Amino acid sequence: MTFWKKNRVWIMAMLTGMAAFVMIYGIKILDVTYDAWLLNGGDLSQHYLGWCFFRESDWCFPIGLMDRIAYPNHVSVIFTDSIPLFAVIFKLFRNFLPETFQYFGLWGLLCFGLQGAFGSVLIKHYCKHDLVSIIGSIFFVITPIEIYRMFMHTALGGQWLLLFAFLLGLKREKLSIVKKGGTLGSIRFSLREHPSLLFTYVRYNNVRISFGGTYS
């Protein structure tokens, strides 16, 4: 089976999700040097300024602490909802980044793409029809909670983590020991992305275990 034939459903759904993002929010916010849309006050400005302070702070341990936003005290970037994993990764390259740099548009594009991808895989698990799975994924992408949270509480745009949790529950019997390590990895990622998603993720898995873990 060729790579395309095996993976075309989630790839097409992912591209559909990304296209929906551009149609809703426009393409300008994908410009990493454009930050005017992040400076209108509210939570979105908090997320961006958290990244700016974290970028300029010295490296501290534990990784994620910054000393510029409330000097001389240290504050974790997780409390500014600045997508901590992205913040740490891009801080590694801060000397090579332009003076003005934001990754929130890229985060949004990624979230919409993964929302579509995981949504399509969930649908195909039940209906086995490629086209229906791709079209159905659109409803996961344009769900009100995704659109509302995306640039209100941006970190919570990562709703695809919950879809991934559902998939792990559905397919756990078919996963190898190595792939089951993805469960721990995704829990760690949800913690780095937003604590409330971690609590929802763990709560789902606890319910799945309590009821025998069968949702097939």
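Residues numbered from 1 in each chain as written. Predicted model: local features only at pLDDT ≥ 70, side-chain atom pairs only at ≥ 80, totals over all residues. Heavy atoms only, no water.

## Some details on unusual backbone geometry
Next, step 1: With an omega of 0 degrees, the peptide bond running from Phe61 to Pro62 counts as cis.
Next, step 2: Mapping Pro62 onto the fold places it in the loop between helix 2 (42-56) and strand 1 (65-70).
Next, step 3: Non-glycine residue Ile83 carries a positive phi angle of around 55 degrees.
Next, step 4: If you trace the backbone, Ile83 turns up in the loop between strand 2 (73-76) and helix 3 (84-91). (Helix = DSSP H or I, 4+ residues; strand = E, 2+ residues; numbered from the N terminus.)

## Structural notes on a nonpolar patch on the surface
Next, step 1: Taken together, the side chains of Met23, Ile24, Leu131, Ile135, Ile138, Phe139, Ile142 and Ile147 make up a nonpolar region of the molecular surface, amounting to roughly 770 Å² of accessible area.
Next, step 2: Broken down by secondary-structure element, the contributors of at least two residues to the nonpolar patch are helix 1 (3-25) and helix 5 (130-141).
Next, step 3: Of all the elements, helix 5 adds the most residues to the nonpolar patch, at four residues.
Next, step 4: Relative to the elements of secondary structure, Leu131 occurs in helix 5. (Patch = residues over 30% accessible without salt bridge, like charges linked within 9 Å, V, L, I, M, F, W, Y side chains within 5 Å. Areas by Shrake-Rupley, 256 points an atom, 1.4 Å probe, with all protein chains shown as cover. Salt bridge = Lys/Arg side-chain N within 4 Å of Asp/Glu carboxyl O.)

## Here's the deal with the pattern of salt bridges
Next, step 1: Evaluated as defined, the whole model comprises two salt bridges.
Next, step 2: Between Arg8 and Asp130 there is a salt bridge, with the nearest N and O atoms lying 3.1 Å from each other. A residue pair is termed long-range when its members are at least 10 positions apart, and Arg8 in helix 1 and Asp130 in helix 5 qualify at 122 residues.
Next, step 3: Exposure remark for Arg8: the relative accessible area of 32% places this residue in the partly exposed category.
Next, step 4: According to the relative accessible area criterion, Asp130 is partly exposed, its value standing at 21%.
Next, step 5: Between Lys124 and Asp130 there is a salt bridge whose closest N-O contact spans 2.9 Å.
Next, step 6: Through salt bridges that share partners, Arg8, Lys124 and Asp130 make up one connected network. (Buried < 20%, exposed > 50% of the residue type's maximum accessible area, 1.4 Å probe, protein only.)

## Quick word on the nonpolar core
Next, step 1: In this structure, Phe21, Trp51, Tyr103 and Phe104 are the most contacted members of the largest nonpolar core, which totals 38 residues.
Next, step 2: Mapped by element, the contributors of at least two residues to this core are helix 1, helix 2, helix 3, helix 4 (104-127) and helix 7 (160-171).
Next, step 3: By residue number, the principal contributor to this core is helix 4, which donates nine residues.
Next, step 4: Among residues more than four places away in sequence, those in contact with Trp51 are Ser82, Ala87, Phe90, Lys91, Leu97, Phe101, Tyr103 and Phe104. (Core = buried A, V, L, I, M, F, W, Y, C linked by side-chain atoms within 4.5 Å. Contact = heavy atoms within 4.5 Å.)

## Observations concerning the pairing of strand 2
On any regular strand, side chains alternate: one points to one face of the sheet, the next to the other face.
Next, step 1: Relative to strand 2, strand 1 runs antiparallel, the two being bridged by three bridges. Bridging across to strand 2, Met66 finds its partner in Val75. (Pairing = 2+ DSSP bridges.)

## Quick word on helix 3
Next, step 1: Buried residues of helix 3: Pro84, Phe86, Ala87, Phe90 and Lys91, and no others. Projected onto a plane normal to the axis of helix 3, the buried residues spread over an arc of 160 degrees and lie on a single side. (Arc of directions from axis to C-beta.)

## Things to note about the environment of Trp51
Next, step 1: Note on placement: Trp51 falls in helix 2.
Next, step 2: Counting along the chain gives 30 residues from Trp51 to Asp81, while the straight-line C-alpha distance between them is 8.9 Å.

## What to know about the environment of Gln46
Next, step 1: Secondary-structure assignment places Gln46 in helix 2.
Next, step 2: Gln46 gets classed as partly exposed once you look at its relative accessible area, which sits at 34%.
Next, step 3: The spacing of Gln46 and Ser82 is 36 residues in sequence and 8.0 Å in space, taken between C-alpha atoms.
Next, step 4: Those residues in contact with Gln46, other than ones at most four positions away along the chain, are Phe79, Thr80, Asp81 and Ser82.

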